[in-house]
Amino acid sequence: MIDMKKKAMTLAAFLLLAGTSFAQLQWPAVTTTTKPWTRWWWQGSAVTEAGVAASMYLYKNAGLGGLEITPIFGVKGAENSFLPFLSPRWVEMFQFTLNEAKAVGLGIDMATGTGWPFGGPWIGAEDACKYLTHKKYDVAGGTTWSQQLEFIADGFVRTANGKPLKPDQLKDPIADNENLQALAIDQVRFPKPLKLIKVFAYGENGQSMDISSNVTNGKDIKWNAPAGNWKVYALFEGLHGKMVERSAPGGEGNVIDHFEQKALDNYLSKFNTSLAKTDMSHLRAWFNDSYEVDDARGQSDWTPNLLEEFSKRRGYRLERFLPDLFSSENTDTRIRVLHDYRLTISDLILEKFTQPWHHWAAKQGKLIRNQSHGSPANILDLYSAIDIPETEGTNILRYKFATSAAHVAGKPLASAEAATWLNDHFISTLSNVKAVLDKYFIGGVNHIFYHGTNYSPQNDPWPGWLFYAAVHFHPNNPFWKDFAWLNQYVTRCQSFLQAGKPGNDVLLYFPFHDRLMEPTARGGMLHHFDGMEGFDGTPFEHAASWMLENGYAFDLFSDKQLESFQTADGRIQTGGAEYQVIVVPQLKSMPLATVRKLYALAQQGATVVFAGHLPQNAPGMANQDEVKAFFGKVMQELTIENDPATGIFTATTGKGKLLVAEGEKLADLLKAAAVRKEMLPEGVKSIRRIIPNGEYHFIANTGNLAIDQWVPVSKKFRYAALFNPMNGEAGVLQPRLSKDSMLVHLSLRPGESLVLQVSDQPISGQMFPSYVAVGAAQTVGKSWKLAFVSGGPKLPQPVMVTKPGSWTELPGDDYQYFSGVAKYTTTFARPNTKTATDVWKLDLGKIGESAEIFLNGKKVTTLLGPTYEVLIPSTAFAAKNTLEIVVSNSMANRIIFLEKSGVQWKKFYNINFPAHKAENRGADGLFSALKWEPFSSGMLGEATLTPMLNTLNTKSSIKGK
């Protein structure tokens, strides 16, 4: 009998939707940029046409989208193949590489130099990074003071390889020395007199005078001191001595002065001349690694024009306060002068280095990618001044500086130097890599650069040419066979994460000036900024960590970025995205211009939250009391309401409001501001992108427990779809809707990730299946054939095993030390169950390390871990079945064999070959695998099949590209 009521409801729904436009269930387009890229180490620049062409073929087939060329130190024994950086032959190979990359469809970026930071043999003393030192003299008034003002630098040499050297063993300049690759010089200072810059005298009654004109012969001074007691400061300029780190042949030399544009211009002129006739149309971007000038003894804290630049920017002469600047007592005046000095350095890095470098590239039609972290500057401003901000590491809050700058400024890409050190050499797995990539995605990165892939000659003995940091994304690594599967996953994820606009709600103020007002803990006058370093335990770090853990989506912003913000319809518009609220963590000081701008935004309609008391004064020497006076005046003019239950004070101004509460009240403040939060299960993290009519949510289970539950979406939409970027499945969901909420069902195993699309527009497509077990697990196969496909040091003989297990447990060195690819094969009858079954879950248990699965000659999937399960349609099974599990392990076991056999595979100049963990250091202090035992490899347990039923009664879903 026909249910007429149900039929009428169905007809009504059809008529309602008949006039509604539908969004097609669709994966975003794949481009060169949505694919992952890799840093391509050119060791010794010893590349050939045949080698480049062969390598690019492998990279392309592995699913990479592009390469960043970074020339680096060479390999011992390959000296005859070294190509000096920017030499005519080097330029020929660069041109060939660009042409070949264009032909095969790979993008190319290029480091603006060799190693890092910027520098080379054409950088003389005038353009090299410098430091400031001084001598202090007590002079009695009413006397003629004669003195020879001289400062002899301490001579020393630091080498990357730890071999002792003395300055008298070297020629000055360094570029004149032979065998620079073997010397591996990281920093050098020659014991010679420093340049006398200025001499200033300070009286006991606050007088100050420049007495530099009394100096003759560059060092002799005669001065008639006025009455009273005087302190004389003689300033000396020294060469910091930092050399280009990890430099390639032809790139060894001084690092530039990052505070003086002339030094940058002279450095870049070498590229202009050497590449003048090169067709660089296929070059996408120039790259710069992290600052790292001060990754050495002492700081680079001086440039010859600093005093004039300071006066121009700060409005007073730094010379008046040299005793305060150099004092060991952190008086209020000293801290404020130090703030202004640091702020000037920050300005110079932005205006004399970052912006001119960007302008230089833009004139060529090129982008720049920059790792701004590590600089003694506001890295949010540095990141905002470039095209592709790049981060690195394993901390999401560190990533936020680069990704926030991209979001706030409207830059479509934020990149990452990914997987630099995950574990020690040779043991990181593709599963480990995926886990850290998911953290990058959650932190806002959408353009992955692996770190890295070495160019290695095709005939070089295994393991080939290697970089000193792991992970080794190298064709000689056994996981290369399954690398394309990971890259396909990354491509799918980035196709979503590069779409639309950022979907964060909160703008968190970066208290840069508070940090500039803090004394240094380890000497030196500058602070360096690298994520949350230096902010541990501060209200700023606490607010960021708390929001990250509690589902609030936020970006950071700086005072300079704030200048361009506007408010419309209650939303803060930054030029790159829209935000709901500004949060100012509790801080000590804030520039008056920032205070005025925040208030103006509130008057225009913004909500500004002060998670702590209002700022009381301004940093530095200017406007010290005007901030407190400004707030005092404002608060007297406004109507202020106090909520006794929460302790929140609300001051309405214009169209917006200020919310203020002291103590641990951020949760109450954000609730009062009606900021949405994601209510995700523990261990599950997400990030949003705004698209027409809806949002994409990248969701990753970073915890150790599987989840299978209904999860609320923070903003109510009507329709939803789910995409699995690992296996390409996609389908429409049936959300639970109420008056105020939307819930979707998510099933995520540890390490698994999905993309959720929510929309106000109907999405057409098949339903995303949801399976439940309807029977017990059944063991697969009574015996297995184990055959070794590729690898070494030798291919072991095939063997039959009654049940799978690590091949390292088989007798003989051939099995124990084998690194490569092996295949487990078994046959079995069609699995049976008494209940209806749509699919069977194949569970491989534990694998060492990744597995490709074939059933009856057809590929099913590749599993990277940490769980090794796959659903196979019941229709794929025949009466008799052949199951093949093709396993790739790590490089480690073969490396152990080389170590124990005394094979010299560590053959690299400069730094050869450090361990990441102390327990893996040998007697020489370098990496050693001699203490290692073979790592379990292959199938490590029995495989099972479990019958599963799709509760939505659909058989399949749409496959991704």
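Details of the structure are given in the entry above.
Calculation notes
- Residues numbered from 1 in each chain as written.
- Predicted model: local features only at pLDDT ≥ 70, side-chain atom pairs only at ≥ 80, totals over all residues.
- Heavy atoms only, no water.
- Helix = DSSP H or I, 4+ residues; strand = E, 2+ residues; numbered from the N terminus.
- Pairing = 2+ DSSP bridges.
- 1 Å grid on protein atoms, 1.4 Å probe; cavity = no way out; pocket = protein on both sides within 12 Å on 5 of 7 lines; lining within 4 Å.
- Points joined across faces, edges and corners; volume = space filled by probe spheres on them.
- Nonpolar A, V, L, I, M, F, W, Y, C, P; charged D, E, K, R; others polar.
- Expected span 1.5 Å × (residues − 1).
- Bend = angle between axes of the 7 residues up to and from the residue.
- Buried < 20%, exposed > 50% of the residue type's maximum accessible area, 1.4 Å probe, protein only.
- Phe/Tyr/Trp six-rings, centres within 6.5 Å; stacked < 30°, edge-to-face > 60°.
- Lys NZ or Arg CZ within 6 Å of the ring centre and 35° of its normal.

Student: Quick rundown of unusual backbone geometry? Include the residues and the values.
Tutor: In this structure, Gly452 follows His451 across a cis peptide bond, with omega equal to -5 degrees. Checked against the element boundaries, Gly452 lands in strand 20 (residues 447-454). With an omega of 15 degrees, the peptide bond running from Gly848 to Glu849 counts as cis. One can find Glu849 in the loop between strand 47 (847-848) and strand 48 (850-855).

Student: Break down the sheet that holds strand 24 (residues 566-568) for me, citing the residues and quoting the values.
Tutor: Within a beta sheet, neighbouring strands are joined by backbone hydrogen bonds and run either parallel or antiparallel to one another. Read from one edge of the open sheet, 3 strands run 24-25-26, paired in antiparallel fashion. Pairing within the sheet leaves two strands with one partner each, and these edge strands are strand 24 and strand 26 (578-579). In this sheet, strand 25 (residues 571-573) lies alongside strand 24 in antiparallel orientation, the contact comprising 3 bridges. Note that in strand 25 the partner of Thr567 across the bridge is Ile572.

Student: Any chance you could break down empty space enclosed by the protein for me, citing the residues and the numbers?
Tutor: Considering all chains together, one arrives at 7 cavities of 30 Å³ or more under this definition. Approximately 100 Å³ is the volume found for the largest cavity. Taken together, Ile174, Leu180, Gln181, Ala184, Ile185, Met243, Val244, Ser247, Glu252, Gly253 and Asn910 make up the lining of the largest cavity. The residue inventory of the lining of the largest cavity, partitioned by class, reads 6 nonpolar, 4 polar and 1 charged. What lines the second largest cavity is a set of 14 residues, among which Asn288, Tyr291, Phe353, Asn370 and Ser375 lie closest to the centre. When residues of the lining of the second largest cavity are assigned to their parent elements, the largest contribution, 3 residues, is made by helix 8 (residues 332-363). Among the residues making up the lining of the second largest cavity, the classes are represented as 5 nonpolar, 8 polar and 1 charged.

Student: Which residues make up helix 8, and what values go with them?
Tutor: Under the 1.5 Å per step criterion, the end-to-end length of helix 8 is 45 Å for 32 residues, consistent within 8% with the ideal 46 Å. Its axis deflected by about 25 degrees at Leu350, helix 8 carries its strongest bend there. Counted residue by residue, helix 8 has 24 buried out of 32 residues, so it is predominantly covered. Positioned one or two residues after helix 8, Gly365 has a phi angle of 80 degrees, which is positive.

Student: Any details on helix 12 (residues 480-497)? Residues and values, ideally.
Tutor: Along its 18 residues, helix 12 runs 25 Å from first to last C-alpha, staying within 8% of the 26 Å computed at 1.5 Å per residue. Helix 12 sits mainly inside the fold: 15 of its 18 residues count as buried.

Student: Lay out the packing of aromatic side chains in plain terms, naming residues and giving numbers.
Tutor: The geometry of an aromatic ring pair is captured by the separation of the ring centres together with the interplanar angle, meaning the angle of the planes. Across all of its chains, the model carries 73 aromatic pairs by this definition. Taking 5.3 Å as the distance between ring centres and 65 degrees as the angle between the ring planes, the aromatic pair formed by Phe118 and Phe353 counts as edge-to-face. Placement of the pair is Phe118 in the loop between strand 4 (107-111) and strand 5 (119-120) and Phe353 in helix 8, with a sequence separation of 235 residues. Given a relative accessible area of 3%, Phe118 falls into the buried group. Residue classification places Phe353 among the buried positions, given a relative accessible area of 4%. With centroids separated by 5.8 Å and ring planes inclined at 35 degrees, the aromatic side chains of Phe908 and Phe913 adopt a geometry described as tilted. No difference in accessibility class separates Phe908 from Phe913, as the two residues are buried. The ring of Trp122 carries the charged tip of Lys270 above its face, separated from the ring centre by 5.7 Å.

Student: How would you sum up the pairing of strand 28 (residues 607-611)? Please name residues and give values.
Tutor: One face of the sheet, then the other: side chains in a regular strand alternate in exactly this way. In terms of residue burial, strand 28 counts as a mostly covered element, since 5 of its 5 residues are buried. Every second residue of strand 28 is oriented toward a common face, with Thr607, Val609 and Ala611 on one face and Val608 and Phe610 on the other, all of them buried. Where strand 27 (residues 581-585) lies against strand 28, 4 bridges are found, and the strand directions are parallel. Bridge pairing in strand 28 links Val583 to Val609. Pairing analysis gives 5 bridges linking strand 28 to strand 31 (residues 656-661), with the strands arranged parallel.

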